Every structure is written in C-alpha cells, then in structure tokens.
Amino acid sequence: MMLFEERVQKYEYKLNDTDDQIIDYVSTHKKDVITHSIQYLAAQMYTVPNTVTRLSKKLGYDGFSQLKNSLKEEIDAKQEDVEDSLSIAIHKTMSLVDRDKLSMVTKMIQEAHRVLFFAVGDTVPLCENMVKSLKAVGKASSFSVHRHDVVLEINQLESNDLFFVISLSGETTQVLEMATLAQERGVRIISLTHFDRNSLQQLADVNLYCYSPRKVLNGHNITDKTPAMLVLRALSEHYWESL
C-alpha cells in the first residue's frame, strides 16, 4: 500500500498551491479527515468539494472515499519492522512508475538534440544500457565515467540538450557537482533516485523514482540496482512505443 505522503511525492509535479494547502491539512489531521465528509474538509480549507475530488484523483485515488479508506488503513495498520526484500522493492518500484511522467520524459528526450547520461560507481552500467536503448532508434546519446570528460561534455551541452543523472542516494558529491554545472548552463536535467527526499531532485527538472533503500553489508554498499533497471526499462519501452 502506498502511503498518503508517498503519493504526494510521486504526483507533486501535478499539484498547485491550493492542493498543497489541502495536503498539509490532511497530513496533520488524518484521524479527523476519515471521520468527516468531503463537504466538511472543503469548508475547513475555504474551498469546494470538487477541488478536493480533483486532488484525490491527482493523487491516484478513485475519489475522496478511496482517499479516506486508504488513510484509515494507514492509521489502523500495525507498525511492524519488515525487512526489505526483492519482491517488496519490485512491487513498490512498479507502483512508482507514472506513465504521465514517462510521457513527459519521453517528450524531453524527443526534443533534445543529444542526451548525456551520468552516474558513478556501480550505477554506471545503467547509463551504458540506456545509451544503447536510445542509439538503437537513432537518438544521439552518450555517457562518461571520468570527471574531466564529463565536465568537458557538459560544457559543450546546449539548452536543447538533456542531462540524465542516475544516483540512488541523490547525495553523491560528484553527481551533485555535475548536475549543478549542467543547471548553470541552462540544460534540462532528469534524475533517477531512490524514492526519498534528496539534494539531486532539487536540481532536476523532472524526477523519476525507484524503491531501492541503501543497504550495507560488512562495510560494502550492496544497494540493489534492480529497481532502477526496471524504471529505465519502462522508460525505454515508452520511448520506443512513441516513435
């Protein structure tokens, strides 16, 4: 089950100021919301029921009734520590795949003269796979692994190019450095990170998410890359289908 706050983050690109005000109220008055009508909530926010209904649908609910039921399930759910598993990560990642957002990114790729991918460490192969996916249909794309090469390529990017950054933590120093450089050049940025608030998403124009929390074993980072691969595969197929 996707929590209310998770839905807000997933669909935040669709929300306006009025939506944000209603969301703030719901987040801090969940027990109150589930016991009252849509008319009551609208009155608290000095708006009309239709506004609340539209927000409910923006967040992926069928309507306000489903929003209330989902909130009740959150409140009633037992707080148990469940260790993350591959099946949980895959299920949560697939729930985060938003076709509207995939369409946005697809359009950005179509409009871009060139797409430059960047990642560090174990996520670099994901960039290589995406470059192959785009080159297979004739889209100019590339990736670099050495810092000076990336700096050189970013400095050659134009406003009609695209910088696609993959970082599960969204906090890697070198990734943030390159994203900042691209932003300063006015280049549009796409990020793919774990579904959490992070610094990289603040720099990006569009954020894609997977569910891949950091895992360390005996001092080694063993964070699963499978969820990120699923999102990139979904994006590739969406792009191919658009041609």
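Here, every reference points to the structure presented above.
It should be emphasised that the depicted structure is a prediction, and the values quoted were computed from it without experimental measurement. Counting from 1, residues in each chain are numbered in the order their sequence is written. Restriction of local features to residues with pLDDT of at least 70 applies here, the model being predicted, together with a cutoff of 80 or more for giving and counting side-chain atom pairs; totals for whole chains, interfaces and linings are based on all residues. Side-chain metrics in this entry use all non-hydrogen atoms of the structure; hydrogen atoms and water are not considered.

Asker: Go over the nonpolar core with me, naming the residues and quoting the values.
Answerer: Phe164 and Leu208 are the most contacted members of the largest nonpolar core, which totals 28 residues. For helices the rule is a DSSP run of H or I covering at least 4 residues; for strands it is a run of E covering at least 2, with both sets numbered from the N terminus onward. Among the secondary structure elements, those contributing two or more residues to this core are α8 (99-111), β1 (115-118), α9 (124-135), β3 (162-166), β4 (188-194), β5 (206-210) and α13 (226-242). For this core, the element with the most residues is α13, which contributes 6 residues. The contact definition used throughout considers only heavy atoms, calling two residues in contact when any of these lie within 4.5 Å. Contact partners of phenylalanine 164, with chain neighbours within four places excluded, come to Val105, Val115, Leu116, Phe117, Phe118, Ile190, Leu192, Leu208, Leu232 and Leu235. Residues enter a nonpolar core if they are buried and are Ala, Val, Leu, Ile, Met, Phe, Trp, Tyr or Cys, with the set joined through side-chain atoms within 4.5 Å. Note on exposure labels: buried denotes an accessible area under 20% of the residue type's maximum, exposed denotes more than 50%, and partly exposed covers the range between, all computed with a 1.4 Å probe on protein chains only. Counting 20 residues, the second-largest nonpolar core is a separate cluster that includes Tyr11, Ile23, Tyr25 and Val26.

Asker: Lay out the side chain of serine 70 with the relevant residues and their values.
Answerer: Within the secondary structure layout, serine 70 lies in helix α6 (residues 64-76). According to the relative accessible area criterion, serine 70 is buried, its value standing at 7%. The residues touching serine 70, leaving out its near neighbours within four places in the chain, are Met1, Met2 and Tyr61.

Asker: Give a description of the packing of helix α10 (residues 147-154) against helix α11 (residues 173-184) that names residues and reports values.
Answerer: Only the stretch in contact is used when a helix axis is fitted, and all axes are lines through C-alpha atoms; the angle between N-to-C directions ranges over 0 to 180 degrees. Interhelical geometry of α10 versus α11 gives an angle of 15° and a closest axis separation of 10 Å. As summarised for this structure, α10 and α11 are arranged roughly parallel, according to the angle between their axes. The handedness of the crossing between α10 and α11 comes out as right-handed. Contacts between α10 and α11 involve Arg147, Val150, Val151 and Ile154 on the former and, on the latter, Gln174, Glu177, Met178, Leu181 and Ala182. These descriptions rest on fixed angle ranges, namely under 35 degrees for roughly parallel, over 145 for roughly antiparallel, 65 to 115 for roughly perpendicular, and the rest for oblique. When the near helix sits turned anticlockwise from the far one by under a right angle, the crossing is termed left-handed; a clockwise turn instead gives a right-handed crossing.

Purely geometric numbers; function is a separate question.
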